[in-house]
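Examining the three-dimensional arrangement
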Amino acid sequence: MAVVSTIIKRLLLGLLTLFVVSLIIFGSIQFLPGDFAEAVLGQAATTETVAAFRKELGLDQPSYIRYFDWIGSVMTGDFGTSFSGRAASGVDRSRSVAELIAPRLANTLFLAGMTAVVAVPLALILGITAALWRNSYYDRIVNASTLTTISFPEFFVAYILVLLLGTLWAVFPSLADVQQGMSFGERVYKTALPSLTLTLVIVAHLMRMTRAAIINLLASPYIEMAQLKGESPMRVILFHALPNAWAPIATVTAFNLAYLVVGVVVVEVVFVYPGIGQLMVDAVSSRDIPVVQACALIFAATYILLNLIADVIGIATNPRLLHPK
């Protein structure tokens, strides 16, 4: 019961956090420079025309009314209508925000999934083997390589990969122009460079945390007892140290998976990848408020959800909660 009640409390706290984040998102967007109505109508538009256009878009209402209208629609699955396509002539060619986001979100999830499938197992293997042969030349090489990768920003790694694998040796395309209707193999080929960029960053963080968590547990008395019984170092790590290291490893894995969805904006912009990050950048440039709000809320919900999953895993693997005295 202690585990179930703790998990329910975390879920409720996650919903409260998402509500607070929605307030921050809505309030922050109000401070974006410029005005969509003025940008569309131009400087020659009269004050009356601008006011009428703002009323048509609903921008003339008080902020708290617009917030509750927006959050109420979101709770029903309606993210609103994009401002792009609106014109002062009264012709409305705009599309729903959900219609714009759906294919972009699918592309981002494909990129994140492709990266996670390679990065997470590779990071766990490197972290476990580095802990097993700690202070060896292998451990030092792996640590130096990952530390070098962490020290470089994502856009720098991306441009280096473009230079090496996209220009000097044209192995992969420099631009990830993924389109609907592509075969799976062609999509993987087009997404190779952005996926490799994210993989290098994810592997570095997750490998170092896995290594540190396992080495920290190797000094525990039960590990020493297992070693005194004559068990092999690999068995000690896999069957004794690793199960107790899942909580910190799961937390870092969740953070990195959240980064794959939330933090891909820079990588998508560099490779012109048609994901939700690129869509958000374009929406900010055109002052498309509904799209910006929806993208930011999706980012926040993804980050909160993955951290909740990490908390649940940490709680479910905690012996003190599973076996209370």
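Above: the structure in question.
For the structure given in this document, a descriptive report is provided here. Throughout this description, residue numbers start from 1 for each chain and increase along the sequence as written. In keeping with the model being predicted, local features are shown solely for residues with a pLDDT of at least 70 and side-chain atom pairs are shown and tallied solely at 80 or more, while totals for entire chains, interfaces and linings include all residues. The side-chain figures draw on all heavy atoms in the structure; neither hydrogens nor water molecules are used.

Okay, helix H12 (residues 246-262) next. For H12, spanning 17 residues, the distance from its first C-alpha to its last is 23 Å, which sits close to the expected 24 Å at 1.5 Å a residue. Between buried and exposed lies partly exposed: a residue is buried under 20% and exposed over 50% of the maximum accessible area for its type, with that area taken using a 1.4 Å probe on protein chains only. By definition, any uninterrupted DSSP run of H or I lasting at least four residues is a helix, any uninterrupted run of E lasting at least two residues is a strand, and each is numbered from the N terminus. Residues Ile249, Ala250, Val252, Thr253, Ala254, Asn256, Ala258, Tyr259, Leu260 and Val261 constitute the buried set of H12. Should any heavy atoms of two residues lie within 4.5 Å, those residues are counted as being in contact. Here the buried face of H12 lies against helix H5 (97-132), helix H7 (154-168), helix H9 (192-217), helix H11 (233-244) and helix H15 (289-316). A helix's residues, less one, multiplied by 1.5 Å, set its expected span.

Let us look at the side chain of Thr129. You can see Thr129 is positioned in helix H5. The class of Thr129 is buried, set by a relative accessible area of 12%. Under the rule applied, a polar contact is a pair of N or O atoms within 3.5 Å (in protein, one hydrogen donor and one hydrogen acceptor; residues adjacent in sequence only if both atoms are side-chain atoms). Reaching out from Thr129, the side chain makes a polar contact with the backbone oxygen of Ile125 at a distance of 2.7 Å. A polar side-chain atom of Thr129 sits 2.8 Å from a polar atom in the side chain of Tyr138.

Moving on to the packing of aromatic side chains. Each aromatic pair joins two rings of Phe, Tyr and Trp (for Trp, the six-membered one) with centres within 6.5 Å, and gets the label stacked for planes under 30 degrees apart, edge-to-face for over 60, and tilted for any other angle. Using the criterion set out here, one finds 8 aromatic pairs in the structure. Here Phe26 and Trp70 contribute two aromatic rings whose centre-to-centre distance is 6.1 Å and whose plane-to-plane angle is 25 degrees, an arrangement assigned as stacked. You can see Phe26 sitting in helix H1 (residues 2-29) and its partner Trp70 sitting in helix H4 (residues 63-75), a full 44 residues away along the chain. Among the residues examined, Phe26 registers a relative accessible area of 7% and is labelled buried. Measuring from ring centre to ring centre gives 5.0 Å for Phe152 and Phe156, while their planes differ by 50 degrees; the resulting arrangement is tilted. Take Phe152: its relative accessible area is 38%, and that puts it in the partly exposed class.

Moving on: the packing of helix H14 (residues 276-285) against H15. Think of each axis as a best-fit line through the C-alpha atoms, taken over the contacting stretch in the case of a helix, with angles from 0 to 180 degrees between the N-to-C directions. Their axes nearest at 9 Å, the elements H14 and H15 cross at an angle of 145 degrees. Relative to H15, H14 is oriented so that their crossing is left-handed. Along its contact with H14, which presents Ile276, Gly277, Leu279, Met280, Ala283 and Val284, the element H15 presents Val291, Val292, Cys295, Ala296, Ile298 and Phe299. Residue classes in the contact of H14 with H15 are distributed as 11 nonpolar, 1 polar and no charged. By the definition used in this description, the sense in which the near helix is turned from the far one sets the handedness, with an anticlockwise turn below a right angle giving left-handed and a clockwise turn giving right-handed. When residue character is reported, Ala, Val, Leu, Ile, Met, Phe, Trp, Tyr, Cys and Pro are called nonpolar, Asp, Glu, Lys and Arg charged, and the others, Gly included, polar.

Here we come to the packing of H5 against H15. For the pair H5 and H15, interaxial distance at closest approach is 10 Å and the crossing angle is 45 degrees. By the angle between their axes, H5 is oblique relative to H15. Along this stretch, H5 crosses H15, giving a crossing that reads as right-handed. Taking contact as the criterion, the partners of Val97, Leu100, Ile101 and Leu105 in H5 are, on H15, Pro290, Val291, Ala294, Cys295 and Ile298. Among the residues forming the contact of H5 with H15, the class breakdown is 9 nonpolar, no polar and no charged. Throughout this description, any angle smaller than 35 degrees is read as roughly parallel, any larger than 145 degrees as roughly antiparallel, any in the 65 to 115 degree range as roughly perpendicular, and the remainder as oblique.

Right, let's get into the side chain of Ser22. Looking at the element boundaries, Ser22 is found in helix H1. Apart from the residues lying within four places of it in its own chain, the contact partners of Ser22 are Tyr67, Trp70, Ile71 and Leu297.

Non-glycine residue Asn135 carries a positive phi angle of around 70 degrees. Assignment of secondary structure puts Asn135 in the loop between H5 and helix H6 (137-151). Residue class for Asn135 comes out exposed when judged on its relative accessible area of 57%. Of note in this structure, Val272 is not a glycine but carries a positive phi near 50 degrees.

A word on the pattern of salt bridges. In what follows, salt bridge is the name for a side-chain nitrogen of Lys or Arg lying within 4 Å of a carboxyl oxygen of Asp or Glu. A complete count under the given rule lists 2 salt bridges for this structure. The shortest N-O distance in the salt bridge between Asp139 and Arg211 comes to 2.8 Å. With a gap of 72 residues between them, Asp139 in helix H6 and Arg211 in helix H9 connect regions that are remote in the sequence. Per residue, the accessibility class of Asp139 equals that of Arg211, and both read buried. Here Lys190 ties to Asp177 by a salt bridge, and the two come within 3.3 Å at their closest N and O atoms. Of this pair, Lys190 sits in helix H8 (residues 184-190) while Asp177 sits in the loop between H7 and H8, and the two are 13 residues apart along the sequence. Owing to a relative accessible area of 17%, Lys190 belongs among the buried residues under this scheme. Accessibility expressed as a relative area gives 36% for Asp177, which makes it partly exposed.

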